[in-house]
Amino acid sequence: MGRREGKYQPQKVPQFTRTKAPFLDKIVDKIVTEVENQIAKGIAKRIYDGLSATSKKEFDELERHAKIEIVHKDYYRTLRELTS
């Protein structure tokens, strides 16, 4: 009677499935991501190995510029943190 009038909520259907621990979920997600990264690295290496010498030099130059930019930003970020 009380359920029909909205006084009581219907009981939830019991769930018989086992839930994973949140820690295990996080670890599994990280492992899957790392496996995907390793696969992507392997494919990228095969593509890179197949490039011409000129293309490899261009990629090496791009990598050099990227490293300089990263070090530059990190250097200035560190200086800002030290002086603030």
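See the structure shown above.
Residues numbered from 1 in each chain as written. Predicted model: local features only at pLDDT ≥ 70, side-chain atom pairs only at ≥ 80, totals over all residues. Heavy atoms only, no water.

Engineer: Talk me through the overall build of the protein chain; I want residue IDs and the actual numbers.
Structural biologist: Across its full length, the protein chain holds 2 helices and 0 strands. For the protein chain, the residues scored as buried account for 1% of the 84 residues in total. (Helix = DSSP H or I, 4+ residues; strand = E, 2+ residues; numbered from the N terminus. Buried < 20%, exposed > 50% of the residue type's maximum accessible area, 1.4 Å probe, protein only.)

Engineer: Outline the packing of aromatic side chains, supporting the account with residue identities and numerical values.
Structural biologist: Here the structure, examined in full by the defined rule, presents 2 aromatic pairs. For the ring pair Y75 and Y76, a centre distance of 5.3 Å and an interplane angle of 80 degrees mean the geometry is edge-to-face. Judged by its relative accessible area of 49%, Y75 falls in the partly exposed class. Classification of Y76 by relative accessible area gives partly exposed; the value is 40%. (Phe/Tyr/Trp six-rings, centres within 6.5 Å; stacked < 30°, edge-to-face > 60°.)

Engineer: Tell me what's going on with the pattern of salt bridges, and back it up with residues and numbers.
Structural biologist: Scanning the model with the defined rule gives 6 salt bridges in all. Residues K73 and E69 are paired through a salt bridge, measuring 4.0 Å at the closest nitrogen-oxygen approach. Taken as a pair, K73 and E69 lie in helix α2 (residues 53-83) at a separation of 4 residues, close to a single helical turn. Residue class for K73 comes out exposed when judged on its relative accessible area of 54%. (Salt bridge = Lys/Arg side-chain N within 4 Å of Asp/Glu carboxyl O.)

Engineer: Help me get a handle on a nonpolar patch on the surface, residues and values and all.
Structural biologist: Together, F23, I27, I31, V35, I39, I43 and I47 give the surface a local cluster of nonpolar side chains, amounting to about 670 Å² of exposed area. Relative to the assigned elements, I27 resides in helix α1 (residues 22-49). (Patch = residues over 30% accessible without salt bridge, like charges linked within 9 Å, V, L, I, M, F, W, Y side chains within 5 Å. Areas by Shrake-Rupley, 256 points an atom, 1.4 Å probe, with all protein chains shown as cover.)

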